[in-house]
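Chain residues, written in single-letter form:
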There are 2 protein chains.
Amino acid sequence: MGFQYLTNVDLEQARGEYCRILLANGMGQKTEWIKAAHSCGRITSQAVYARICAPHYYASAMDGIAVKASDTFKATETTPVHLQPHQYIVVDTGDPLPENCDAVIMIEDVVQEEEGVRLYASAAPWQHIRQIGEDICAGEMILPSYQKITPAAIGAMIAGGVQMVQVLARPVVGIIPTGDEIVPPTADPAPGDILEFNGSIFSAMLKEWGANPKIYPIVPDDFEKIRAMIELALEECDMVLLNAGSSAGREDYSCQVIQKLGEVLYHGIAIKPGKPAILGYRGEKPVLGVPGYPVSGIIVIEQILKPLIDCWNHRIEEKPVQMHAVLSRAVVSGLKYREFVRVRLGYVGERLVASPLSRGSGVISSFMKADGILEIAQGTEGYEAGSQVEVRLLRPEQELRHTLVAIGSHDPLLDELADLIHRENPDIFMSSSHVGSMGGIMAARRGENHIAGIHLLNETDGEYNTAFVKKYFPRGGVRLVECVGRTQGLMVAPGNPHHIRGIEDLTQSGLRYVNRQKGSGTRILIDYLCKKQGIDTTQIYGYDREEFTHTSVAAQIMSGSGDAGMGIYSAAHLYHLDFLPVCMEQYDLLIPDYAWDTPMVRQLLKILKSEAFRERLLALGGYEIGEPGRVRQRF
Amino acid sequence: MGFQYLTNVDLEQARGEYCRILLANGMGQKTEWIKAAHSCGRITSQAVYARICAPHYYASAMDGIAVKASDTFKATETTPVHLQPHQYIVVDTGDPLPENCDAVIMIEDVVQEEEGVRLYASAAPWQHIRQIGEDICAGEMILPSYQKITPAAIGAMIAGGVQMVQVLARPVVGIIPTGDEIVPPTADPAPGDILEFNGSIFSAMLKEWGANPKIYPIVPDDFEKIRAMIELALEECDMVLLNAGSSAGREDYSCQVIQKLGEVLYHGIAIKPGKPAILGYRGEKPVLGVPGYPVSGIIVIEQILKPLIDCWNHRIEEKPVQMHAVLSRAVVSGLKYREFVRVRLGYVGERLVASPLSRGSGVISSFMKADGILEIAQGTEGYEAGSQVEVRLLRPEQELRHTLVAIGSHDPLLDELADLIHRENPDIFMSSSHVGSMGGIMAARRGENHIAGIHLLNETDGEYNTAFVKKYFPRGGVRLVECVGRTQGLMVAPGNPHHIRGIEDLTQSGLRYVNRQKGSGTRILIDYLCKKQGIDTTQIYGYDREEFTHTSVAAQIMSGSGDAGMGIYSAAHLYHLDFLPVCMEQYDLLIPDYAWDTPMVRQLLKILKSEAFRERLLALGGYEIGEPGRVRQRF
């Protein structure tokens, strides 16, 4: 349980030093000759000069006849000139200029006669002739050094007689996954097995940046084996990524191995996630120790490795697109690190709203869902809700302007809606955040969503939703749109081993309940039902164990760490759990007036009313389908 | 010489109809299963659901010890709890939660004792434990349909147990080059041979758009052979491009062949370049006849084929980046077509200046040099110089802001400067337009360039440049910076077959002169020399034949279509021509004050003074090198 001290060096300083040392040691001076025809996207390593002229011969620039200009000098409107067949040659555009000709006359200006042609205007020498080198002159520079080759540049090179071109070699980046618990991807892992997917993520990123990734076999946590694999990778590659083992846990050999093989510039960078990165090298080759958590790893290779690749390719990092956004909730950050927070973004009206995503460094789905990155500088405590912040976009702004922002209660049908709406409208996207029914109402009050799924039971009359909407929108400005009736009930393990009959059995000794978070409609429902039946919820073991979606409650029960949980039928169905129906509830969509007349909401209503949606609901199961898309009430 | 009538249909209308017909016929419904790990950039053809939870087991979220939370419930600051070794298990981050444990305590909060550990705080059940499905729940939708797969999405799929993913198949696009005169790329073509490079340009473009190009062998202009090749391509591909033969020349079979094999929707679109395009199809497969001139072909496949590929991929065309720019000179357009004019762009101060490039449809170099496209709507006559126009950017705006705009007299040393400045400064680019010395002075007066190469002889005192600068900048505001002395002279064929001794021999009968354009320093020089020696320039055959650069004059002499031309030594040297020195002239750089303090000009001055530049000049030959980069005079 011994610890090694990590440095907390500033990111800019660390990568600047790293890059300087590697360049001084000779990084990035590899070139190769490739076919010009296959060089698109590659970068020239030296200037490219034309070897021949283009065109390389005098060519007709028109369909017409080639003539000796002096034969036509006397032609006018009133005194046409007649040319004998031997005085002209019919040419098409691009045909070489025949011997002894020095002009071309357009076919439109030629009057065909029995024998020969008649002309009503003289031709100027060299008219309608493409000069030699009109496009490219031999010896001219076609491309300077360090230029990205475009399709048109390929054409220019071939036209200029250049068939092979010298380009910067792509850096070969070796990726070494390490760890006793790491296994190749499978759909059936044993407990404790960690699927090796970092290599695939990093490979895809590296390819996008112009590097050639090479994934090595998984190496167990063994000093000698790791050392041998790095040795091999250093021989075969230009850069080496050692994945995992960069922190200071019991079996983290990375730093020691790199120290043994070369140098370690820094172990520990003042960024979060990603702080335990190891900046090592041998000679001109970087050996980067990357944390095992995918999100940390992504940040480290993006912040440390990408600049090295840009440097190798003599390219300046593309300036990311930055936008101002309004933060939907507070983000607290430690003073010690520069933090990268992933956010969902959506335009609601003209406001770009940023909602922070889960910051767990293991949560790869948050990176996939992220529309942008919010950077919180070192020494800053974070931002209040409603702050104006600067975010780096990860998606085109245009897409964000056409994204339907759903913030509210969770139901798997939202994902099906997202799929259907994008299938029908390639220009419309939908993003959902699950914050519960009350969270959805609050977001609508702040003008941060287009729709909110809600299912809120009014305890006094047993009605759904309307009482809450009236209370939180006293001045109106919203519509309640019918979606579905849902069967709520208790999800229990298959076969119902604890013989639960209803919520009255939840206090049963030895029974472990899994709850939903406060503010969710399902939590309000279970609270209400317990109160109505006089059940003391402090007597329910696990009543404070909160999950954020129906499916995650089901997942805990399936795994055996809980015995019962309240949720909808479709979630139980998905996990093959037994289900004890408790009640039917109304799940509606709250749509504020400001969102009503947007193309996204119009398309959503169309999808709600469609046969395709009905089919998806039937497949999910447990829904009562009335008239989805009907406006129940306008407030 | 018969003609076929071409339609002149509106572009939007034509491509809309084309796409609708092809979709109705079933275009773009091909899918394939591929490995998730290798799916980056591909597009899902259906929603992807997780097969397992991630994490799929309870895991420690910290380095520390796993305990039964209830064992720690009584621990406080003042009454610590002691745990025996059998009551806890040391765990690292990511380790599976041991049997019977339901909490993890961070190592920092654990006090190691001789036997066991001491705790000063109780642990809450499930603290520091990653829940099953915290990241992804089994059955949850990971990706909707028609979504581009990102590196993070690959990670999410593998973490969710998804190893194979169904994606849209990339359309296979067959490219058939046709024409008797077309030959494979070579550096030694015979006169009349046209190098086949369109296939390589189109392939590179298609790959960028997500299609798989397949280039077929060159087919001669033979109806049956073309028909057979299209048949083959229709069997093997999803789309077919027939290159060349789309116009109405003598040997243009394309339209007839396509009509024989399928349908022709339109032959002739109201765009320029690109009007003779043929929009044909058989069933769900488009057969597009593309003009042979590369620039026309590029416009046609960009405007007609790309929308089909986007449609196939269920993607909305990305909105191009449009910017306002000031037009540096007038552009005249026909009323009949929508015209696409390629422009060079450069920021001079805060003004984006657009300079139209050569509009010849054979000129591939103009496409390579283009920074943007100016569209002139059908029914519009064009724009005046100085107009505010909208241009579509082909390069990132950031690059345009760091581009040194050289407009003025031509010298090959400018290309060398461009190469050196970008080699030293990856973020700085240089673009040169050759408009002659007077053109450069006028551009500087209008504030459209950063530097202008000039070499203008004052006839009265034989001095270079200063008199002109004084005249055109009476209120000053510019600097004249020394560049080089250049040897001007007569370039003649190797061995000087006409025994030319000097300009006095240019009137010699049978001698063909090649001149430079009016306004160029070299033209002013030859005019002056002739006047001084009393030579009547109307007696010089070819005095009106104008070329725009030293190298293109040299190219004409090398080709044998001219016998003599005035130019600099380095151009003659490049083409192995004989050279009769006439005089030494001063080639300076004019730099306006508004450009002086830019990073581009500062770097240029550094390069001018460098040893590397001197070496390049020596290699080019014919220069007198004094103190390049020295300010000769400030006005």
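The paragraphs below set out a description of the structure included in this document. (Residues numbered from 1 in each chain as written. Chains lettered and ligands numbered in written order. Predicted model: local features only at pLDDT ≥ 70, side-chain atom pairs only at ≥ 80, totals over all residues. Heavy atoms only, no water.)

## Re helix α2 (residues 151-159) of chain B
Piece 1. With respect to burial, α2 of chain B is a largely interior element, nine of its nine residues being buried.
Piece 2. Every buried residue of α2 of chain B is accounted for by P151, A152, A153, I154, G155, A156, M157, I158 and A159 of chain B.
Piece 3. Contacts made by the buried residues of α2 of chain B are with β15 (194-195), α3 (198-208) and α7 (364-369) of chain A together with β2 (48-49), β11 (141-143) and β12 (164-168) of chain B.
Piece 4. Positive phi appears at G161 of chain B, one or two residues downstream of α2 of chain B, with a value of about 75°. (Buried < 20%, exposed > 50% of the residue type's maximum accessible area, 1.4 Å probe, protein only. Helix = DSSP H or I, 4+ residues; strand = E, 2+ residues; numbered from the N terminus. Contact = heavy atoms within 4.5 Å.)

## Examining the pattern of salt bridges
Residue and element names in this part refer to chain A.
Piece 1. Within the structure shown, the criterion is met by 68 salt bridges over all chains.
Piece 2. The partner of K214 in a salt bridge is E236, with the nearest N and O atoms 3.6 Å apart. Of this pair, K214 sits in strand β16 (residues 212-215) while E236 sits in helix α4 (residues 223-236), and the two are 22 residues apart along the sequence.
Piece 3. Here K214 falls in the partly exposed class, since its relative accessible area comes to 34%.
Piece 4. Between K531 and E459 there is a salt bridge, with its nearest N and O atoms 3.1 Å apart. Taken together, the residues K531 in helix α12 (residues 521-532) and E459 in the loop between β31 (452-454) and α11 (466-472) connect sequence positions 72 residues apart. (Salt bridge = Lys/Arg side-chain N within 4 Å of Asp/Glu carboxyl O.)

## Re the relation of the copies chain A and chain B
Piece 1. When chain A is brought onto chain B, the operation consists of a screw motion whose angular component is 180° and whose axial shift is 0.0 Å, with 0.1 Å RMSD remaining. The relationship between the two copies is best expressed as a two-fold rotation axis. Within chain A, E208 of chain A has its C-alpha nearest the rotation axis, a separation of 6.2 Å.
Piece 2. Most of the interface of chain A is mirrored in chain B: 99% of its interface residues are interface residues there too. (Least-squares fit on C-alpha atoms with pLDDT ≥ 70 in both.)

## Structural notes on the side chain of S437 of chain B
Residue and element names in this part refer to chain B.
Piece 1. Within the secondary structure layout, S437 lies in helix α10 (residues 436-445).
Piece 2. S437 gets classed as buried once you look at its relative accessible area, which sits at 0%.
Piece 3. Not counting residues within four places of it along the chain, the set of residues in contact with S437 comprises G408, S409, G453, I454, H455, L456, G519, S520 and G521.

## Re the pairing of strand β28 (residues 388-393) of chain A
Residue and element names in this part refer to chain A.
Piece 1. Where strand β22 (residues 322-327) meets β28, five bridges bridge the pair, whose relative direction is antiparallel. Looking at the pairing, Q322 lines up with R392 of β28.
Piece 2. Bridging between strand β26 (residues 372-376) and β28 involves three bridges; their strand directions are antiparallel. If you follow I373 over to β28, its bridge partner there is R392. (Pairing = 2+ DSSP bridges.)

## Observations concerning the packing of aromatic side chains
Piece 1. Evaluation of the coordinates by the stated rule reveals eight aromatic pairs over all chains.
Piece 2. Aromatic pair Y58 of chain A and W126 of chain A: ring centres 5.1 Å apart, planes at 45°, arrangement tilted. Here W126 of chain A lies in the loop between β9 (117-119) and β10 (129-130) and Y58 of chain A lies in the loop between β2 (48-49) and β3 (59-60), a separation of 68 residues in the sequence. The burial state of Y58 of chain A is the same as that of W126 of chain A; both residues are buried.
Piece 3. Directly above the aromatic system of F429 of chain A lies the positively charged group of R395 of chain A, at a separation of 5.1 Å from the ring centroid.
Piece 4. For the cation-ring pair, R401 of chain B lies above Y347 of chain B, with the distance from its terminal atom to the ring centre recorded as 4.0 Å. (Phe/Tyr/Trp six-rings, centres within 6.5 Å; stacked < 30°, edge-to-face > 60°. Lys NZ or Arg CZ within 6 Å of the ring centre and 35° of its normal.)

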